[in-house]
Amino acid sequence: MKIIIKSKYVSKYKKGYPLINEETKSKNGDILTLVDENSKFLARGYAGKQNKGTGWILTLDQEERIDDKFFDKKIKEAVKYRKSFFESEVTNAFRVFNNEGDGIGGMTIDYFDGFVLINWYNKGIIKFRGEILKAIKNNIKYKGIYEKKRFGDSGTYVEEDEFVCGNRASFPIIVKENNVNFAIYFDDGAMVGVFLDQRDVRRKIMERYANNKIALNTFSYTGAFSVFAALGGAKKTVSVDLANRSREKTEEHFALNGVDFNANEIIVEDVFNYFKYAEKKNLMYDLIVLDPPSFARSKKFKFSANKDYKDLLKQIIKITRKNGVIVASTNCALFNMTKFKEFIKLAFEESNKEYEILESETLPRDFKTLKEFKEGNYLKVCFIKVK
Ligand code: SAH
């Protein structure tokens, strides 16, 4: 199906912007040809509704067909780009294919010690499932392949049998990241136990920030940051998460790495309640990790990173020791690093405190992004010293 692009948007697509914004009547998975108002070819893509887009561009080359060969080439290039990851002796969990960053929006492929997990983010890309699976089988040495559909109404997760082929894994799959072990479950919802995009942040915490520190990990999930802090020499870690499962999953991560979980506290609690408790008891921390979900709703509180990050940071500042470090992180795609740093500035101004951003991080190398699509580089992390 053809889509005529208004002249003011033509240059955007020519420059390599990957997301199709125009409304179309085409069906999911249809091939779309973008042309200018003189019917001149601009790009070819596929239809698949996802967030604000109606599809993704696949090629700017009029001669290129979207067929077996196309998908094989994309996956091959992606694998080649991650050669050092495939060969790593210390890390065997990483992203092999990252959406539009690798040339096909709407799909990611992660690798967990030979088990491959595909995430499908819209109903269009899945029409090419056959071609993509073939390309994966041709280019990746795998033990087993699994998939997850992430396109329920509102971008949620669709429950289904997720095994595709090869050998079935027995869960948890124990993987390593910089020689630290993680337990991975494909059979427990959309989240598998660890967010691979924080790998470099975890390493920095272990290598530079944790030694001899008392650390608080808020929104701690399975305690990945706490494990790295403990292994980096933290005197103590405190992990706070609302979800009941966080206790056993965090204990499991401590146990897998020989960390004494009796010496490291795990608290199942709303972090907003925990702040009140900490203030009342005058608890102070040297290192605080703050990595909330972009949106969260608990019984008493509602949080949206875009609106509330600054206030959350103010609560954290109150319980951070002088010269302590806050690792402030967000995966919210609604604002960029500049805006994030403004939130930080305001939070400190309103707290009458001085600070210094020691360093910052965005997505790691395996989460390849396009410079033409800044929204794709959603991760923002600042290491902030409280003066
Ligand atoms: N920082 C974690 C990932 C966080 S995922 C890591 O990198 O491993 C988001 C977590 O926030 C989930 O585990 C969820 O249970 C928790 N959460 C959401 N709202 C919360 C709240 N109000 N208090 C405590 N935890 C909350």
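Refer to the structure above for everything that follows.
In short, a report on the structure.

Reading guide: rules and limits
- Numbers given to residues run from 1 along each chain, matching the order in which its sequence is written.
- The model is predicted, so local features are restricted to residues of pLDDT at least 70 and side-chain atom pairs to those at 80 or more, both for listing and for counting; the totals for chains, interfaces and linings are taken over all residues.
- Side-chain figures throughout are based on the complete set of non-hydrogen atoms in the structure, without hydrogens or water.
- The helix count covers DSSP runs of H or I at least four residues long, the strand count covers runs of E at least two residues long, and both are numbered beginning at the N terminus.
- When we talk radius of gyration, it's over C-alpha atoms, and the globule rule is simply 2.2 Å times the number of residues to the 0.38.
- Categorising residues by exposure relies on relative accessible area from a 1.4 Å probe, with only protein chains included: less than 20% of the type maximum marks a residue as buried, more than 50% marks it as exposed, and the intermediate range marks it as partly exposed.
- Note on definitions: a residue-residue contact is assigned when non-hydrogen atoms from the two residues lie within 4.5 Å.
- For accessible areas, the Shrake-Rupley method is used with a probe of radius 1.4 Å. Any residue's cover is judged against the shown protein chains and nothing else.
- We treat Lys and Arg as the positive residues and Asp and Glu as the negative residues; His and chain ends play no part in the count.
- In this description, the location of a charge corresponds to atom NZ of lysine, CZ of arginine, CG of aspartate or CD of glutamate.
- One speaks of a salt bridge when a side-chain nitrogen belonging to Lys or Arg is within 4 Å of a carboxyl oxygen belonging to Asp or Glu.
- Note on method: axes are straight lines fitted to C-alpha atoms, helices fitted across the in-contact stretch only, with angles between N-to-C directions ranging 0 to 180 degrees.
- Angle categories are assigned with fixed cut-offs, so that under 35 degrees is roughly parallel, over 145 is roughly antiparallel, 65 to 115 is roughly perpendicular, and the rest are oblique.
- The crossing is said to be left-handed when, going from far helix to near helix, the turn is anticlockwise and less than a right angle, and right-handed when the turn is clockwise.
- Gly is put with the polar residues, along with every residue not named as nonpolar or charged; the nonpolar set is Ala, Val, Leu, Ile, Met, Phe, Trp, Tyr, Cys and Pro, and the charged set is Asp, Glu, Lys and Arg.

### Regarding the overall build of the chain
Inference 1: When you go through the chain residue by residue, the secondary structure sums to 10 helices and 21 strands.
Inference 2: Relative to the 2.2 N^0.38 estimate, which gives 21 Å for 387 residues, the radius of gyration of the chain is 22 Å and therefore close to what a compact globule would have.
Inference 3: Viewed in the frame of its principal axes, the chain has a C-alpha envelope of about 70 × 50 × 35 Å.
Inference 4: The proportion of buried residues among the 387 residues of the chain is 55%.
Inference 5: The long-range share in the chain, meaning contacts at least 24 apart out of those at least 6 apart in sequence, stands at 61%.
Inference 6: Counting every atom, the chain has about 18200 Å² of accessible surface; 47% of that belongs to carbon and sulfur.
Inference 7: One finds the centroid of the 68 positive side-chain charges in the chain at a distance of 3 Å from the centroid of its 54 negative side-chain charges.

### Structural notes on the pattern of salt bridges
Inference 1: For the structure on display, the rule yields 26 salt bridges.
Inference 2: Here E147 ties to R129 by a salt bridge, and the two come within 2.8 Å at their closest N and O atoms. Separated by 18 residues along the polypeptide, E147 in strand β9 (residues 144-149) and R129 in helix α4 (residues 129-139) bring together distant segments of the chain.
Inference 3: Where K148 meets E162, a salt bridge forms, and the shortest distance between an N and an O atom there is 3.0 Å. Taken together, the residues K148 in strand β9 and E162 in the loop between β9 and β10 (163-166) connect sequence positions 14 residues apart. In this structure, K148 and E162 share a single accessibility class: buried.
Inference 4: Residues participating in the shared-partner salt-bridge network are K204, R208, E359 and E361.

### Digging into the packing of helix α2 (residues 68-81) against α4
Inference 1: Contact geometry of α2 with α4 gives a least axis separation of 8 Å together with a crossing angle of 45°. It follows from the interaxial angle that α2 and α4 lie oblique. The element α2 and its partner α4 pack so that their crossing is right-handed. Note on element contacts: α4 touches α2 through E131, I132, K134, A135, I136, N138 and N139, opposite D68, F71, D72, I75, K76 and V79.
Inference 2: Within the contact of α2 with α4, the residues separate by chemical class into 6 nonpolar, 2 polar and 5 charged.

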